[in-house]
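# Working through the structure, step by step
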Amino acid sequence: TLKEQITYIVMWFQDLFPPNVCPINAKANTFYGIMFDAGSTGTRIHIYTFVQKSPESLPELEGEIFESVKPGLSAYADQPEKGAETVKRLLDMAIDAVPPHLWKKTPVVLKATAGLRLLSEEKAQALLLEVKEVFEESPFLVPEDSVSIMDGSYEGILAWITVNFLTGQLSGQNQHTVGTLDLGGASTQITFLPRFEETLKESPGDFLTSFEMFNSTYKLYTHSYLGFGLKAARLATLGALNMEAVDGQMFRSSCLPKQLEAEWHFGGVKYRYGGNKEGETGFKPCYLEVLKVVKGKLHQPDEIRASSFYAFSYYYDRAVDTNLIDYEQGGVLEVRDFERKAKEVCDNMERYNSASPFLCMDLTYITALLKEGFGFTDNTLLQLTKKVNNIETSWTLGATFHLLQSLGITY
Ligand SMILES: O=c1[nH]cnc2c1ncn2[C@@H]1O[C@H](COP(=O)(O)OP(=O)(O)O)[C@@H](O)[C@H]1O
Ligand SMILES: [Ca+2]
């Protein structure tokens, strides 16, 4: 085909000229990285373009191509080949995005998060194996360990790296880093750079991790709470988490519209759920239900009460759904804004019929997670962001830096 011929010519040029004078390499110091986020609710590809002008400077991020598919890999627990097929379709985008002469030098990696952590080892490994085959059949660089389940503490650290890189806090002298809050479907992460000795002394040992990036070492507070993502929390509130054996049982909650009866698929399991037909509904009883899920389950570092945090993923989505922020712009909220909205939605459920039946439960959970879970105050500021400089706020950028560094592609 024409494409093959062009590829051949490009490779021939590449062999003929040294890289820095090759006419096709207009920018010899341009490089790419492909990172897949296999999340519990969807699979996403991030194709990053970088330029590094000198070993002393940080690599500059030129752009990102982003695409996603739903559902996530864990929904293919019993059809691993079909799951890998969704990855292949996304990877085909990278074939078009990366210049052919750089294919061999462009690493491709997939990291799975809480969805796969919750599957049985056997099913998770079968999925990862199929994905690995897709990678090996591609023209890209497939590093060792290219397909894996990511450790929860890395998820938080790498998202923190992304946000602080994008906001310019990792370069220069005056580093005022910001903490990050990620609320996924199955797990949630909190990460910040402690400023007080107290935090270092009072945190459980496995909440503190030293991480090296761009020639600096950061000692971060981070933790990933498995089962505390928004969708897992719905099941926990309904009392249905880890209850797959109970066939056809109906789970009811005061956080749902009274007359509702429906079915829901999550992590390959079908659940039946509904409202409290006879009993109470509304914010008050709902808050008590949700409280049982979070109260006393999370570590509360004192220091965060006085700081502001960047919040994304489902914090962002639910704030958009209820017009607390604009979808494109994001915005700054206080914790109390989520509570106000939760009351408004839960106490008027019939009016919010068109949106998700879980809107009341989700907002109430977010409120309880922030206040009773992490211990934030009503006036803690949350900077809601989806993108910074047009780049997605996701752990994938931090993971790509880490990858390029380990491969010696960047410094
Ligand atoms: O690249 C991204 N940019 C912004 N938000 C993202 C990105 N990738 C995933 N999200 C958000 O993450 C949430 C879904 O969580 P996910 O499926 O990653 O679950 P998990 O982290 O528990 O595995 C959604 O709110 C989705 O909008
Ligand atoms: Ca995620």
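On a predicted model such as this, the values are computed, not experimentally measured, just so you know.

What counts and what doesn't
- Residues numbered from 1 in each chain as written.
- Chains lettered and ligands numbered in written order.
- Predicted model: local features only at pLDDT ≥ 70, side-chain atom pairs only at ≥ 80, totals over all residues.
- Heavy atoms only, no water.
- Axes fitted to C-alpha atoms, helices over the stretch in contact; angles between N-to-C directions.
- Helix = DSSP H or I, 4+ residues; strand = E, 2+ residues; numbered from the N terminus.
- Parallel < 35°, antiparallel > 145°, perpendicular 65-115°, else oblique.
- Contact = heavy atoms within 4.5 Å.
- Nonpolar A, V, L, I, M, F, W, Y, C, P; charged D, E, K, R; others polar.
- Buried < 20%, exposed > 50% of the residue type's maximum accessible area, 1.4 Å probe, protein only.
- Pairing = 2+ DSSP bridges.
- Left-handed = near helix turned anticlockwise from the far one by under 90°.
- Domains from an automatic or database assignment.
- Buried area = accessible area lost by both parts, 1.4 Å probe.
- Salt bridge = Lys/Arg side-chain N within 4 Å of Asp/Glu carboxyl O.
- Polar contact = N/O pair within 3.5 Å; in protein donor to acceptor, adjacent residues only side chain to side chain.

### Quick look at the packing of helix H5 (residues 152–166) against helix H12 (residues 395–406)
The N-to-C vectors of H5 and H12 enclose an angle of 95 degrees; their axes lie 6 Å apart at closest approach. For the element pair H5 / H12, the angle class is roughly perpendicular. Between H5 and H12, the residues in contact are Glu155, Leu158, Ala159, Ile161, Thr162, Phe165 and Leu166 and Trp395, Leu397, Gly398, Ala399, Phe401 and His402, respectively. Grouping the constituent residues of the contact of H5 with H12 by class yields 9 nonpolar, 3 polar and 1 charged.

### What to know about the pairing of strand E4 (residues 108–112)
Summarising burial for E4: 4 of the 5 residues are buried, a large majority. Relative to E4, strand E1 (residues 30–38) runs parallel, the two being bridged by 5 bridges. For Asp37, the partnering residue across the bridge sits in E4 and is Lys111. Note: E4 against strand E5 (residues 147–149), 3 bridges, orientation parallel. For Lys111, the partnering residue across the bridge sits in E5 and is Ser148.

### Considerations on the packing of helix H2 (residues 80–97) against helix H4 (residues 121–136)
With their axes 8 Å apart at the nearest point, H2 and H4 run at an angle of 35 degrees to one another. Seen from above, H2 lies across H4 with right-handed handedness. Contact residues: Pro80, Glu81, Ala84, Val87, Lys88 and Leu91 in H2; Ala126, Leu127, Glu130, Val131, Val134 and Phe135 in H4. Along the lines of polarity and charge, the residues of the contact of H2 with H4 split into 9 nonpolar, no polar and 3 charged.

### Points about unusual backbone geometry
The omega angle of the peptide bond from Lys70 to Pro71 is -5 degrees, so this bond is cis rather than trans. Mapped onto the secondary structure, Pro71 falls in the loop between strand E3 (60–69) and H2. Backbone geometry at Phe214 places phi at a positive 50 degrees, although glycine is not the residue there. Position of Phe214 relative to the elements: it lies in the loop between strand E8 (208–213) and strand E9 (216–226).

### Considering the domain arrangement of the protein chain
When cut into domains, the protein chain gives domain 1 (2–150) and domain 2 (152–392). Computed from C-alpha atoms alone, the centre-to-centre distance between domain 1 and domain 2 is 29 Å. Listed as interface residues are 17 residues of domain 1 and, on the opposing side, 22 residues of domain 2. Buried area between domain 1 and domain 2, summed over both chains or domains, comes out near 1,500 Å², and the portion from carbon and sulfur atoms is 73%. Of all residues in domain 1, Leu58, Arg117 and Met150 bury the most surface against domain 2, accounting for 32% of the area lost on that side. Counting every contact that joins domain 1 to domain 2 gives 1 salt bridge. Arg117 is paired through a salt bridge with Glu155; the nearest N and O atoms lie 2.7 Å apart. At the surface where domain 1 touches domain 2, the tally comes to 4 residue pairs in polar contact (both at pLDDT 80 or more). Where the side of domain 1 that touches domain 2 is concerned, the elements lending two or more residues are strand E2 (43–51), E3 and helix H3 (114–117). The class makeup of the residues in the side of domain 1 that touches domain 2 is 8 nonpolar, 7 polar and 2 charged.

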